[in-house]
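# Results of the structural survey
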Amino acid sequence: MRTVLVVEDEPRIASLVREYLENAGFAVLVASDGRAGLVLARTRHPDAVVLDLGLPSMDGLDVVRELRRDSAVPVVILTARGDETDRVSGLELGADDYVVKPFSPRELVARVRAVLRRTEAAARPTDRLVAGDLEVDLARHRAAVAGRPVALTPTEFALLAALAREPGRVFTRGQLLDAVHGFSLETYERAIDGHVKNLRRKIEPDPGAPRYVLTVHGVGYALAEPAG
Ligand code: CA
């Protein structure tokens, strides 16, 4: 049975989240502040962490930072509506996804399942990534959409490969810049927008209404998760 650690100071929300996760077949640990959460994370090694960013005594972003010093456990953060800065900071610090409060517990459970799925998929070594009808051949540096090869620049290829490694994961511009770093000397996060635009022109049937590389407003980009 997989274990999820829930770090949330509001008892009502913590018990609601616990109930839904338990009904979904997870074992649940609850901590009501950041320090207790870190202790549980280090001693009980949960498979995933649901972390509220608005915590007493220790800020949720500091908890993410501390966690990431020695752990790759998937983290889903809970953020207040409209707090895009926190959302972006959380992802930059290494959180894997976020849910905006007030949230549907069902959606949270789905996000936890999705990060677990992505973590497991990313851990499997592969030289060919497939997301729906999009194929990225890492060994041969080739990409294809619906069987049709597309010619990409090294930067576009690195960008697409990073996105396709974890379909559905939201990447900030900073994270994508890191992913293409080996191929790019650009230092401005906004440069990513230009590469995304070029990539879309090559792979999207209608670049004005993308179905592969999606914009996540206020945060960055994600590759669409294939249906099913
Ligand atoms: Ca809170």
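Residues numbered from 1 in each chain as written. Predicted model: local features only at pLDDT ≥ 70, side-chain atom pairs only at ≥ 80, totals over all residues. Heavy atoms only, no water.

## Thoughts on the pairing of strand 2 (residues 27–31)
In the sheet, strand 1 (residues 3–7) pairs with strand 2 via 5 bridges, with the strands oriented parallel. In the strand pairing of strand 2, Val 4 is matched with Val 28. As for the winding sense of the linkage, the β-α-β connection from strand 1 through helix 1 (residues 11–23) to strand 2 is right-handed. (Pairing = 2+ DSSP bridges. Helix = DSSP H or I, 4+ residues; strand = E, 2+ residues; numbered from the N terminus. Right-handed = clockwise from strand over helix to strand, strands pointing away.)

## Notes on unusual backbone geometry
In the segment running from Lys 101 into Pro 102, the intervening peptide bond is cis, with an omega of -5°. Here Pro 102 lies in the loop between strand 5 (97–101) and helix 5 (105–123). Residue Ser 57 is not a glycine yet carries a positive backbone phi of 65°. Ser 57 sits in the exposed class, given a relative accessible area of 67%. Phi angles above zero are rare outside glycine, and Ala 146 is one such case at about 50°. Structurally, the position occupied by Ala 146 is in the loop between strand 8 (142–145) and strand 9 (148–150). (Buried < 20%, exposed > 50% of the residue type's maximum accessible area, 1.4 Å probe, protein only.)

## A word on the pattern of salt bridges
Oppositely charged side chains can form a pair if their charged atoms are brought close together. Counted under the stated rule, the structure contains 18 salt bridges. Arg 18 is paired through a salt bridge with Glu 22; the nearest N and O atoms lie 3.2 Å apart. Of this pair, Arg 18 and Glu 22 both sit in helix 1, 4 residues apart, roughly one helical turn. A relative accessible area of 38% places Glu 22 in the partly exposed class. Glu 107 is paired through a salt bridge with Arg 111; the nearest N and O atoms lie 2.6 Å apart. Remark: Arg 111 and Glu 107 occur in helix 5; sequence separation between them is 4 residues, near one turn of the helix. Using a relative accessible area of 24% as the deciding quantity, one classes Arg 111 as partly exposed. Connected through shared salt-bridge partners, Arg 42, Glu 66, Arg 69 and Asp 70 make up one network. (Salt bridge = Lys/Arg side-chain N within 4 Å of Asp/Glu carboxyl O.)

## Some words on the domain arrangement of the protein
Per the domain assignment, the segments of the protein are domain 1 (3–120) and domain 2 (125–223). Computed from C-alpha coordinates alone, the two centres of domain 1 and domain 2 are separated by 27 Å. Listed by partner, the interface residues are 9 residues for domain 1 and 13 residues for domain 2. When the area that domain 1 buries against domain 2 is broken down by residue, the three leading residues are Leu 91, Glu 92 and Arg 118, summing to 54%. At the junction of domain 1 with domain 2, the criterion picks out 0 salt bridges. The element contributing the most residues to the side of domain 1 that touches domain 2 is helix 4 (residues 84–93), with 5 residues. (Domains from an automatic or database assignment. Contact = heavy atoms within 4.5 Å. Buried area = accessible area lost by both parts, 1.4 Å probe.)

## A closer look at the sheet that holds strand 10 (residues 171–172)
The strand order across the open sheet formed by 3 strands is 10-12-11, and the pairing between neighbours is antiparallel. The sheet is open, and its two edges are formed by strand 10 and strand 11 (213–216), each paired on a single side.

## So, the sheet that holds strand 7 (residues 134–137)
Strand order in this open sheet of 4 strands is 6-7-8-9, and the pairing throughout is antiparallel. The sheet terminates laterally at strand 6 (128–131) and strand 9, the two strands that pair on one side only. Across the sheet, the mean angle from the axis of one strand to that of its neighbour is 20°, orientation sign disregarded. For strand 8 and strand 9, the ladder comprises 3 bridges, and the chain directions are antiparallel. Each residue of the ladder has a partner; that of Ala 143, found in strand 9, is Val 150. (Axes fitted to C-alpha atoms, helices over the stretch in contact; angles between N-to-C directions.)

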